[in-house]
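# Residue-level structural notes
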Amino acid sequence: MLKEVHWRMESQSDSKGRGIEMSKTIIYNGTFITMNAESPVVHGNMEIEGNRITYIGDKLPQPLEQYAEKVDGKGKLFMPGFVNTHGHAAMSLLRGYGDDMALQVWLQEKMWPMEGKFSSHDVRIGTMLSLLEMVKGGTTTFVDMYDHMDQVAEASVISGIRACLTRGVIGLCPRDVQDAKLAEAIQFAKNWHGQADGRITAMMSPHGPYTCPPDYIERIVQAAHDLDLPMHTHMSETAREVQDNVDQYGLRPVAHLEKLGVFTRPTLVAHAVHLTDEEIEVMAKYDVRVSHNPGSNLKLASGVARVPDLQKAGVLVSLGTDGAASNNNLDMLEEIRLAALIHKGVSGDPVAVAAWDALKMGTLDGAKSIWLHDVGALQAGMKADFIAMDMDQPHFYPRTNMISHVVYSASSRDVTDVCVDGRFIVRNGECLTLDEEKIKFEAQQCFERLTAE
Ligand SMILES: CSC[C@H]1O[C@@H](n2cnc3c(O)ncnc32)[C@H](O)[C@@H]1O
Ligand SMILES: [Zn+2]
């Protein structure tokens, strides 16, 4: 499954026999969306040394021949890779298995029975299928909450992607099972946080307030304190969830999680669709970050999150796909476009989420949402996580506004190259690190075995 890819630094001599350190890469003659508001689009060159961008601008820091790798950027649009801030990668095995259902029915009648049969092999293959789709579509960082997380971490390392991973725990089980799941989540975080040159980070995750009893959530918060890790959870996804929370605990989910101390840790919540003005204020006060999942929320008929109100209140909002069983793809360009479109439609305000804001949610704000402060923009000093798109397509003409073209016209099929941490993992549309044919074949086998059992 793992393709051998060799990366070597070239060392050469110049005409006078002096050694030249050929360790840098230059992308020349390109168009770059930087995500820096002061110079959002740059025409010129980007220099990379190791895993960092060392220069971006219209100059050439050193003569072209002195670069170890030279990439002709003509006809290519470069931008930061997408940051998918919520998902369950292994669920791509259940793509198309339960459509046109509301969340609770979908979970209880379709997903949970099938997930109960998942082996660690299934999680590995499902995750690899998702990784292929994500990297080929330009995602360079993803968040994943699931079970058998060692498989997810190993697959992520093999693929070369950047990942923020968490063993999600559901606490609707006897105390000894709760204990075992929490111990597993702690061990996973201890083993993997900071691994792969820092490409892997970890969080602690109660699945949601409706699947974890209050005392269990408190214990998970304590573990997050002990490990100094952030929290990630589903929250206020459906109106029914909010009403059930009020009926069971006398509080809406935000007050409930606040009471349990969740927001004393840095927190990223997924969905946050059903919020009051007061809840938005509380979230802003605690700097709670929101992963907005418009595709999944529309498909499960959960509603539309109050993104413009959250942003006005100062809440950092990013974008996630959720799993492929509720989306049904992992295409961040689609989420970016949906974010830019649905909030205009719902509010009647054409700038409710403008193109630039949607693109920022899918890149720079996504990175910030998971506390990565050197990812998400093309700028000297930032990590070299970027993608290239083929601009020589009809839908990129005329050359009016490249940001508009990416948000409103582009497709994930336009992504040609993907670089994470200074290493190309997709070139000319082909994933260099994962064996696509083998993974597709094995994913089909997993699905057939799961549904035959
Ligand atoms: C404990 S591992 C993750 C768990 O989450 C389930 N899941 C997938 N999508 C959603 C969603 O939109 N809301 C709530 N829970 C979701 C998945 O089936 C796994 O069991
Ligand atoms: Zn989810």
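Bear in mind that the values here come from a model prediction, so they are computed numbers and not experimental data.

The rules behind the values
- Per-chain numbering applies: the sequence of each chain, read as written, is numbered from 1 onward.
- Chain letters start at A and ligand numbers start at 1, both assigned in the order the entries are written.
- Local features in a predicted model are, by the rule used here, given only for residues with pLDDT of at least 70; side-chain atom pairs are given and counted only at 80 or more, and totals for whole chains, interfaces and linings are based on all residues.
- Where side-chain values are given, they derive from all heavy atoms of the structure, hydrogens and water being excluded.
- Here, proximity means that at least one heavy atom of the residue falls within 4 Å of the molecule or strand.
- In the analysis that follows, any N or O atom pair within 3.5 Å is treated as a polar contact, provided that within protein one partner can donate a hydrogen and the other can accept it, and provided that, for residues neighboring in sequence, both atoms belong to side chains.
- Calculation of accessible area relied on Shrake-Rupley with a 1.4 Å probe; when residues are assessed, cover is drawn exclusively from the protein chains displayed.
- Strands are runs of DSSP state E lasting at least two residues, helices are runs of H or I lasting at least four, and both sets are numbered from the N terminus onward.
- Note on residue classes: Ala, Val, Leu, Ile, Met, Phe, Trp, Tyr, Cys and Pro are nonpolar, Asp, Glu, Lys and Arg are charged, and everything else, Gly too, is polar.
- Each residue carries a pLDDT score, the predictor's own confidence in it, on a scale running from 0 to 100.
- The contact criterion used throughout is that any non-hydrogen atoms of two residues lie within 4.5 Å.
- Two strands form a pair only when DSSP identifies at least two bridges running between them.
- In this analysis, axes come from line fits to C-alpha atoms, helices being fitted only over the stretch in contact, and the angle between any two N-to-C directions falls in the range 0 to 180 degrees.
- UniProt positions are given in the numbering used here, feature names are shortened, and annotations may be inferred rather than shown by experiment.
- With water excluded from the atoms, a metal site may look incomplete; its donors are any N, O or S atoms within 2.8 Å, or within 3.2 Å for Na, K and Ca.
- For each residue, the accessible area found with a 1.4 Å probe, counting protein chains only, is set against the maximum for its type, and the residue is called buried under 20%, exposed over 50%, and partly exposed in between.
- Domain extents, as shown, originate in an automatic or database domain assignment.
- Values labelled buried area give the accessible surface lost by two parts on being combined, using a 1.4 Å probe and summing over both.
- We define a salt bridge as a contact between a side-chain nitrogen of Lys or Arg and a carboxyl oxygen of Asp or Glu at a distance within 4 Å.

What surrounds ligand 1 is a group of 17 residues, the closest being Trp112, Glu115, His207, Glu237 and Asp322. Here glutamate 115 contributes a side-chain N or O atom positioned 2.7 Å from an oxygen atom of ligand 1. Look at ligand 1: alone it shows 450 Å² of surface, and the protein chains cover 96% of it. Taken together, the elements giving at least two residues each to the shell around ligand 1 come down to α1 (103-115) and β9 (139-146). It is α1 that provides the largest number of residues to the shell around ligand 1, a total of five residues. Across the shell around ligand 1, the residue classes tally to nine nonpolar, five polar and three charged.

Here the focus is the confidence of the model for the chain. Regions with low pLDDT carry predicted coordinates that are not meant to be interpreted in detail. Mean pLDDT over the chain stands at 95; residues scoring 70 or higher make up 95%. Every residue in residues 1-21 scores below 50 in pLDDT, and together they form 37 contacts with partners more than four places removed in sequence or on other chains. Here the prediction assigns the complex a pTM of 0.96, and the interface score ipTM is 0.99.

Read across the open sheet, the four strands follow the order β13-β14-β15-β16; overall the sheet is parallel. A strand with exactly one partner marks an edge of an open sheet, and here the two such strands are β13 (231-235) and β16 (317-319). Taken pair by pair, the neighbouring strands of this sheet meet at an average axis angle of 30 degrees, ignoring direction. The pairing of strand β14 (residues 267-271) with strand β15 (residues 289-292) spans three bridges and is classified as parallel.

UniProt records the feature "domain: Amidohydrolase-related" (unreviewed entry) for residues 79-424 in the present numbering. Taken end to end, residues 79-424 is 43% helix and 16% strand, and its two terminal C-alpha atoms sit 14 Å from one another.

Our next topic: the coordination of the zinc ion (ligand 2). The coordination sphere of the zinc ion (ligand 2) contains the protein donors His86 (NE2), His88 (NE2), His234 (NE2) and Asp322 (OD), at a distance range of 2.0 to 2.4 Å. Of note, the zinc ion (ligand 2) draws all its donor residues from one chain, in the sequence arrangement H-x1-H-x145-H-x87-D. Linking histidine 234 in strand β13 with aspartate 322 in the loop between β16 and α11 (332-347), this pair joins segments that are 88 residues apart in sequence. Aspartate 322 carries the same exposure label as histidine 234, and that label is buried.

This part takes up the domain arrangement of the chain. Reports of interface size often rely on the accessible area that becomes lost once the parts have come together. Under the domain assignment, the chain is made up of domain 1 (12-81 + 375-437) and domain 2 (82-369). On a C-alpha basis, the centroid separation for the pair domain 1 and domain 2 is 30 Å. Note on domain 1 versus domain 2: buried area summed over both sides is about 2,900 Å², and carbon and sulfur give 68% of it. At the surface where domain 1 touches domain 2, the tally comes to three salt bridges. Between glutamate 436 and lysine 136 there is a salt bridge, with its nearest N and O atoms 2.8 Å apart. Applying the counting rule to domain 1 against domain 2 returns eight residue pairs in polar contact (both at pLDDT 80 or more). At the level of secondary structure, the elements contributing two or more residues to the side of domain 1 that touches domain 2 comprise β7 (76-80), β17 (386-390), α14 (402-408), β18 (415-420) and β19 (423-427). In terms of residue class, the side of domain 1 that touches domain 2 is built from 25 nonpolar, eight polar and five charged.

A separate point is the side chain of lysine 383. Topologically, lysine 383 is positioned in the loop between α13 (364-369) and β17. With relative accessibility at 11%, the residue lysine 383 sits in the buried group. Look past the residues within four positions of lysine 383 in its chain and what remains in contact with it is Asn51, Arg52, Ile53, Arg162, Asp374, Val375 and Asp421.

In terms of residue burial, β9 counts as a mostly covered element, since eight of its eight residues are buried. Both strand β8 (residues 82-84) and β9 contribute to a ladder of three bridges, which runs parallel. Directly across from phenylalanine 82, in β9, lies its bridge partner threonine 139. In this sheet, strand β10 (residues 162-169) lies alongside β9 in parallel orientation, the contact comprising six bridges. For phenylalanine 142, the partnering residue across the bridge sits in β10 and is alanine 163.

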